[in-house]
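Inside the fold
Listed here are the chains, written in short residue letters.
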Amino acid sequence: MENDRPRLEDLWPCFQGIIPAALSTCAQDGTPNITFISQIYYVDASHVAISHQFFNKTHRNVRENPSACAMMLDPRTLRAYRLYLRYQHSESSGVLFDSMSLQLQAIASHAGMTDVFRLRAADVYEVLQIDGVEGFTRFPPVPVSERPSRLFVDQDLESLRLMTERLNRSEALSDLLDRSLQLLDELFGFHHAMILLADEPQAKLFTIASRGYPEHGVGSEIGIGEGLIGMAARARRALRLSAIDHSLRYARAARDRAQATAGLEAVCREIPLPGLAGAAGQIAVPLVIRGRLIGMLAVESAEPLAFMCREDTILTIVATQLATGIDHLSRDTEESSPSAAVKSPAARAARRPACRRTFCFFHRDDCVFVDGEYLIRNVPGRILWRLLTRQRDEGRSEFTNRELRMDSWLGLPDIKDNLESRLILLRKRMEQKCPEVRLVTRGRGRFALEADVTIELAEKKET
Amino acid sequence: MIPPQVFDLLHTGVSVIVGTRDSSLMPESSRAWGIRAARDRASVTIFLTEAVSQQTLRNLRENGLVAISCTRPTDHVACQLKGRLRTIRPAEQADREYSAGWHRDFIQELVAIGVPADLCEAWITGPALAIEIDVTEVFHQTPGPGAGEKV
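Reference entry: report on the structure contained in this document. Here the structure is a predicted model, which is why all the values come from computation and not from measurement. (Residues numbered from 1 in each chain as written. Chains lettered and ligands numbered in written order. Predicted model: local features only at pLDDT ≥ 70, side-chain atom pairs only at ≥ 80, totals over all residues. Heavy atoms only, no water.)

1. Some points on the overall build of chain B
Heads up, the rule is: By definition, any uninterrupted DSSP run of H or I lasting at least four residues is a helix, any uninterrupted run of E lasting at least two residues is a strand, and each is numbered from the N terminus. Throughout, exposure labels follow a simple rule: accessible area from a 1.4 Å probe, protein chains only, divided by the maximum for the residue type, with under 20% read as buried, over 50% as exposed, and the rest as partly exposed. By definition in these notes, contact holds between two residues if any of their heavy atoms fall within 4.5 Å. Each accessible area is a Shrake-Rupley estimate made with a 1.4 Å probe; only the visible protein chains count as cover when residues are assessed.
If you tally the helices and strands in chain B, you get 4 helices and 7 strands. The 151 residues of chain B split such that 56% are buried. Counted over contacts in chain B with a minimum sequence separation of 6, partners at least 24 positions apart contribute 68%. Roughly 6400 Å² of accessible area belongs to chain B as shown, and the carbon and sulfur atoms make up 52% of that amount.

Following this line, the structure appears as structure tokens:
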């Protein structure tokens, strides 16, 4: 019966290379061929792979006639299974090839035959049908419930592995942040996510990266203890809300509160936190390292039941790595030698400034407006103002992280200054609000202020 | 003609796998419960059960083409015979005794490489059909660079 057919996963003991499998193929002229294959490799629920080490009849046959039939024995019972296969393609690089190759090399080196056993390719076959062979043995089958599938990697685990590997390659904080949101989306389906960093002296969190929102909201702030994200931050614990009520939507809450307490002017200086209009499920996970809050990872979904324990677990694991990565990459103070000043296309256009941009600094709250529109404030605001005035007064356009750290007016703390994240924040806000003026990386610890427009500066000192 | 060293190999408790194909060139794999080479070294008899080898028998009756691979589990010495069906008949007393002897030898081989004897003893080797095959070609199949060469 169709439903009684074993699944490929059920055959996991057969894929361990304990008992060789018989593989029959057929040449185009109709001559059958059969050979023992030391190991058939499980690829996924509908594919297997066979190692191709030597040019042989099997290799030639399946390229003429892709049909093949494997007979495998379960080493625990010696029960037999037939797999009807269709040769699909051959891989000579990639994850599958590498893992098969490494295994073969290890065996070969063990046997002192490194040159003889070399994987040329992994031949991948589609599994068309699996039959348990009846009347083969009197030995009772192992009940399905006793068949552990621990040899097959769960999809989530595999995705986590991929994510960890890729995040581990991040060279800069901005890469790490953007890549982690992209991978959370692509590998796990978290389409709406944001990362906030903690500004503990201010008891605030500010958004440093987001994905899946019409407004990216970088620079938006939320108090520690405020809303779902703020509460989870204060508790240093992951918090999940399913089927949430509208009134709990922290995005709106933060904005409404600002409006209610300080009026329109304050709201103009608030960047709204990214929020999904119909958010029905949210998870906020703290990014903590050695007990210190670094930031928050938050996701949302319009689906009330989208988030369960699985999602909590995945995000908690990702958050752990993210926290370590942020901590590590934020600490990076080494300066590299300046890289060649490659001018971006926009920079080349700077020869003919098309318009002007007026930046205004409000000393009262370290706030910078561009052409009357709120841009940024606090430490990133002071950094921008410093860069703009140095460029005006000294004609400089290249700067280093080190000089900013030495600049007491900026008010960076001596340790854990988050300078890198503040520069990311500033860069992203400028991309959004005044793309004609940019901060361009010039190697590690160095950057340049580039402008395609004439810059005018103004200051307001009164309260 | 089966060379003497292959003839000897076939009578040492080898694992016997059988490859055939149908009219659409879809291959079929099966296991035989023993192989016996004729004294004239021109043919072999293999033992198949209907239950395990339904499609193999159908293919044999349809086109007669067969590949038989024999491997000695303890040292992987192996060969492949290509041939054509001569006859299919129920196994007789002498065939049953021969197959039982092969089964004992094969169990010894498997036990030597760590397979529990009770598993091998549980195989259902009868009632079998005796399949006589005219051998047309013989190939080396011991793993390694020389595998696939014609003997």
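2. Some details on the interface of chain A and chain B
Convention followed: Joining two parts hides part of their accessible area as seen by a 1.4 Å probe, and the buried area is that hidden amount summed over both. Salt bridges, as used here, are contacts in which a Lys or Arg side-chain nitrogen is within 4 Å of a carboxyl oxygen on Asp or Glu. Residues were grouped as follows: Ala, Val, Leu, Ile, Met, Phe, Trp, Tyr, Cys and Pro as nonpolar; Asp, Glu, Lys and Arg as charged; and all remaining residues, including Gly, as polar.
Listed per partner, the contact involves 37 residues of chain A and 36 residues of chain B. Carbon and sulfur atoms supply 65% of the area that chain A and chain B bury against each other, a total of about 3000 Å² over both sides. On the chain A side of the interface with chain B, the three residues burying the most area are A:Pro32, A:Ile34 and A:Phe36, jointly 22% of the side's total. Inspection of the chain A/chain B interface yields 1 salt bridge. Here B:Glu28 ties to A:Arg82 by a salt bridge, and the two come within 2.9 Å at their closest N and O atoms. Put simply, the parts of the chain that give the side of chain A that touches chain B at least two residues each are strand S1 (21-26), strand S2 (32-37), strand S5 (67-73) and strand S6 (80-91) of chain A. At 6 residues, S5(A) tops the list of elements feeding residues into the side of chain A that touches chain B. Class assignment for the residues of the side of chain A that touches chain B results in 21 nonpolar, 12 polar and 4 charged.

3. Let's talk about the packing of helix H9 (residues 378-394) of chain A against helix H11 (residues 419-433) of chain A
Two measures define how a pair of helices packs: the angle their axes make with one another and the distance between the axes. Residues and elements named next belong to chain A. Our working definition: Orientation is described by lines fitted to C-alpha atoms, with helices fitted over the stretch in contact, and by angles between N-to-C directions that extend from 0 to 180 degrees. Roughly parallel refers to an angle under 35 degrees, roughly antiparallel to one over 145, roughly perpendicular to one between 65 and 115, and oblique to any angle outside these ranges.
The N-to-C vectors of H9 and H11 enclose an angle of 70°; their axes lie 9 Å apart at closest approach. The angle between H9 and H11 places the two elements in the roughly perpendicular class. Contacts between H9 and H11 involve Val379, Pro380, Ile383 and Leu384 from the first element and Leu419, Arg422, Leu423, Leu425, Leu426 and Met430 from the second. Of the residues in the contact of H9 with H11, the class split is 9 nonpolar, no polar and 1 charged.

4. Considerations on the side chain of A:Lys428
Residues and elements named next belong to chain A. Considering the arrangement of structural elements, one finds Lys428 in helix H11. Note on Lys428: relative accessible area 15%, which makes it buried. Excluding residues that lie within four positions of it along the chain, Lys428 makes contacts with Asp178, Ile208, Ala209, His216 and Val218.

5. Re the nonpolar core
All names here are of chain A. As a reminder, the rule being used: Only buried residues count toward a nonpolar core, which is a set of Ala, Val, Leu, Ile, Met, Phe, Trp, Tyr and Cys residues joined through side-chain atoms within 4.5 Å. Residue ranges for the domains originate in an automatic or database domain assignment.
Counting 62 residues, the largest nonpolar core has Leu297 and Phe359 as the members making the most contacts within it. At 8 residues, helix H7 (residues 309-330) tops the list of elements feeding residues into this core. Composition of this core by domain shows at least three residues from each of domain 2 (156-330) and domain 3 (345-460). The residues contacting Leu297, other than those within four sequence positions of it, are Leu181, Leu184, Met194, Ile195, Ile283, Ala284, Val285, Leu287, Leu315, Val318, Ala319 and Leu322. In this structure, Ala22, Ile34, Leu73 and Leu78 belong to the second largest nonpolar core, which totals 46 residues.

6. Some details on helix H5 (residues 227-235) of chain A
Three or more residues of H5(A) are buried, namely A:Leu228, A:Ile229, A:Gly230, A:Ala232 and A:Ala233. The first or second residue beyond H5(A) is A:Arg236, which carries a positive phi of 55°.

7. Focus on empty space enclosed by the protein
Residue and element names in this part refer to chain A. Definition in use: Cavity and pocket criteria rest on a 1 Å grid covering protein atoms alone: a 1.4 Å probe that fits but cannot get out defines a cavity, protein on both sides within 12 Å along at least 5 of 7 lines defines an open pocket, and an atom within 4 Å of a point defines a lining residue. Grid points are joined across faces, edges and corners, and a volume is the space filled by probe spheres set on the points.
Considering all chains together, one arrives at 3 cavities of 30 Å³ or more under this definition. Its boundaries defined by the atoms lining it, the largest cavity holds a volume of some 130 Å³. Surrounding the largest cavity, 14 residues form its lining, Glu221, Arg377, Asn378, Pro380 and Leu425 being those nearest its centre. Those elements that place two or more of their residues in the lining of the largest cavity are strand S9 (204-211), strand S16 (373-377), H9 and H11. Counted by class, the lining of the largest cavity contains 7 nonpolar, 2 polar and 5 charged residues.

Fair warning: the whole summary comes from geometry, so function is off the table for now.
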